[in-house]
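Each chain, written out:
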Amino acid sequence: MGDRNAPIGIFDSGFGGLTVARAVMDQLPDEDIVYVGDSARSPYGELPVGQVREYALECLDHLVDQGVKMLVIACNSASAAVLADARERYAVPVVEVIRPAARRAAAVTRTGRIGVICTRATATSGAYADALAVPPGVRLTTAACPRFVDFVEAGVTGGPALLEVAHDHLAPVLAAEVDTLILGCTHYPLLTGVISYVLGEGVTLVSSAEECGQQAWAALLEADLLAEGTGPASHRFFTTGAPEQFSELGRRLVGDWIDRVEQLA
Ligand code: DGL
């Protein structure tokens, strides 16, 4: 049996996965976390799937070497590329972002018209269509929104330039009259304001970050791995990029609970 008081390992291509880390912390406040953001090699969303797979497995190996009790793949592009391999490769439970969000979207849609916005890598993989197994009566519209990641990485979550790009990127899902939209990239929960402004109140947004947090809770319970809550949780953050930049942008976008960020060689 795994060690209940070992940390949860969370991995993303950069700091977008901090939206998942935050959801995990909200739902599992007693859990220690080790976070790895592969900022030096992001964005993954523009890379070929084989490359994403190689980088993602390297980072996940690193987390497993640190003795984590569960892996959370907090990146849609990486989830699409490695989920099947990761479940075979590691002895610890592996949770990812795609299936939980797909299940929620299928449960909440009223009209059966679901949209997913994501990186090019995720769109090309067809992972959301597979996860939804598009049942009769459900129509999935996928739109790659590559420029959204650039805005978030630049710390921009509002303003006229972003609004213009949002109108452009969201045109296919607007035209498809979706009633439910999956934010299929871990950066996008930071753009909820502009996305819901463009789509209007009739469209329910499903955050892959929030759904993944709930899935992490259930997976720990099922594996009998929930922490015993013996003291304040500790969190460590590693990046392959520049630690100061990671911490500055991370704090600005998701909050000052990110303290020291360490360099991962
Ligand atoms: N974290 C990635 C995802 O969820 C987006 C950023 C990237 O392209 O690396 O797909």
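Position numbers for residues start from 1 in each chain and track the written sequence from start to end. For this predicted model, a pLDDT threshold of at least 70 governs which residues receive local features, and a threshold of 80 or more governs which side-chain atom pairs are given and counted, while totals over whole chains, interfaces and linings are taken from all residues. With hydrogens and water stripped out, all remaining heavy atoms of the structure feed into the side-chain values.

(A) Quick look at the side chain of threonine 141. Positionally, threonine 141 belongs in strand β6 (residues 139–144). Contact definition: two residues touch when any of their heavy atoms are within 4.5 Å. Residues within four places of threonine 141 in sequence aside, it is in contact with Ile114, Gly115, Val116, Pro172, Val173, Ala176 and Val178. Each helix corresponds to a stretch of at least 4 residues labelled H or I by DSSP, and each strand to a stretch of at least 2 residues labelled E; elements are numbered beginning at the N terminus.

(B) Spatial organisation of the packing of aromatic side chains. Aromatic rings from Phe, Tyr and Trp, with only the six-membered ring used for Trp, were paired whenever their centres fell within 6.5 Å, and each pair was classed as stacked if the ring planes differed by under 30 degrees, edge-to-face if by over 60, and tilted otherwise. Summed over all chains, the structure comprises seven aromatic pairs. Residues tyrosine 35 and phenylalanine 237 carry aromatic rings whose centres are separated by 6.0 Å and whose planes lie at 50 degrees to one another, so their mutual orientation is tilted. Residue tyrosine 35 is found in strand β2 (residues 33–37), and its partner phenylalanine 237 is found in strand β9 (residues 235–239); the two are separated by 202 residues along the sequence. Summarising the burial analysis for this pair, tyrosine 35 and phenylalanine 237 share the class buried. Look at tyrosine 44 and tyrosine 55: their rings are 6.0 Å apart centre to centre, the planes differ by 45 degrees, and that puts the pair in the tilted class. With tyrosine 44 in the loop between β2 and α2 (49–65) and tyrosine 55 in helix α2, this pair connects stretches of sequence that are eleven residues apart. Exposure class is identical for tyrosine 44 and tyrosine 55. Each is buried. Three or more aromatic residues joined by ring pairs make a cluster, and in this case those are Phe15, Tyr35, Phe237, Phe246 and Trp257. Distance and angle both matter: a charge sits over a ring if NZ of Lys or CZ of Arg is within 6 Å of the ring centre and within 35 degrees of the ring normal. Taking NZ or CZ as reference, arginine 41 lies 3.9 Å from the ring centre of tyrosine 55, over its face. Each residue's exposure class comes from its accessible area (1.4 Å probe, protein chains only) as a fraction of the maximum for that residue type: buried when under 20%, exposed when over 50%, partly exposed otherwise.

(C) Quick look at helix α3 (residues 76–89). Expected span, for any helix, means 1.5 Å times one less than how many residues it has. Here α3 contains 14 residues, and its C-alpha end-to-end distance of 19 Å stays within 8% of the 20 Å for a straight helix at 1.5 Å per residue. Working definition for bend: take the seven residues up to and ending at a residue and the seven starting at it, fit an axis to each, and measure the angle between the axes. Roughly 65 degrees is the biggest bend found in α3, and it falls at valine 82. Residues of α3 that are buried: Asn76, Ser77, Ala78, Ser79, Ala81, Val82, Leu83 and Ala86.

(D) How the structure looks around the sheet that holds strand β8 (residues 204–207). At least two DSSP bridges between two strands are required for those strands to pair. Strand order in the open sheet made by the four strands is β6-β5-β7-β8, with parallel pairing throughout. At either margin of the open sheet sits one strand with a lone partner, and together these are β6 and β8. Averaged over all neighbouring strand pairs, the angle between strand axes comes to 20 degrees, with direction disregarded. Sheet topology note: the strand β7 (residues 180–184)/β8 ladder contains four bridges and is parallel. Of the residues in β8, the one forming a bridge with isoleucine 182 is valine 206. Axis geometry follows a simple rule: fit a line to the C-alpha atoms, using only the stretch in contact for helices, then measure angles between N-to-C directions, giving values from 0 to 180 degrees.

(E) Spotlight on the site of the ligand. As a structural note, the neighbourhood of the ligand is formed by Asp12, Ser13, Pro43, Tyr44, Gly45, Cys75, Asn76, Ser77, Thr119, Cys185, Thr186 and His187. With respect to the ligand, the side chain of serine 13 contributes an N or O atom lying 2.6 Å from an oxygen atom. Residues adjacent in sequence count toward polar contacts only when both atoms are side-chain atoms; beyond that, a polar contact is any pair of N or O atoms within 3.5 Å, and within protein one must be able to donate a hydrogen and the other to accept it. Backbone polar atom of tyrosine 44 to an oxygen atom of the ligand: 2.7 Å apart, as the coordinates give it. Within the complex, the protein chains bury 99% of what would otherwise be the 300 Å² of accessible surface of the ligand. Gly is put with the polar residues, along with every residue not named as nonpolar or charged; the nonpolar set is Ala, Val, Leu, Ile, Met, Phe, Trp, Tyr, Cys and Pro, and the charged set is Asp, Glu, Lys and Arg. Considered class by class, the residues forming the shell around the ligand number four nonpolar, seven polar and one charged. To be near a molecule or strand, a residue needs just one of its heavy atoms within 4 Å of it. With residues, only the protein chains shown are counted as cover, and all accessible areas are computed by Shrake-Rupley using a 1.4 Å probe.

(F) Molecular detail of the nonpolar core. Ile117, Phe148 and Ile195 are the most contacted members of the largest nonpolar core, which totals 67 residues. Leave out the neighbours within four places in its chain, and isoleucine 195 touches Ile117, Phe148, Leu170, Leu181, Leu183, Tyr188 and Leu205. Remark: nonpolar core denotes a set of buried residues (Ala, Val, Leu, Ile, Met, Phe, Trp, Tyr, Cys) joined through side-chain atoms within 4.5 Å. If you look at the next biggest cluster of nonpolar residues, it comprises 24 residues, including Val52, Leu57, Leu60 and Val68.

(G) Representation of the side chain of glutamate 96 within the structure. Relative to the helices and strands, glutamate 96 resides in strand β4 (residues 94–96). Classification of glutamate 96 as buried rests on a relative accessible area of 2%. Here arginine 99 takes part through its backbone nitrogen, which lies 3.0 Å from a polar atom of the side chain of glutamate 96. Leave out the neighbours within four places in its chain, and glutamate 96 touches Ile73, Ser79, Leu83, Arg87 and Cys212.

(H) Quick peek at the pairing of strand β1 (residues 8–12). The buried fraction of β1 amounts to five of the five residues, a majority that puts the element mostly inside the structure. Neither face of β1 is open: one carries Ile8, Ile10 and Asp12, the other Gly9 and Phe11, and all of them are buried. Relative to β2, β1 is paired through five bridges, and the arrangement is parallel. Residue pairing across strands places glycine 9 opposite valine 34, the latter belonging to β2. Summarising the sheet, β1 and strand β3 (residues 70–73) pair through four bridges and their orientation is parallel. Its bridge partner being in β3, phenylalanine 11 is matched across the sheet by isoleucine 73.

Function cannot be inferred from these measures alone, as they are strictly geometric.
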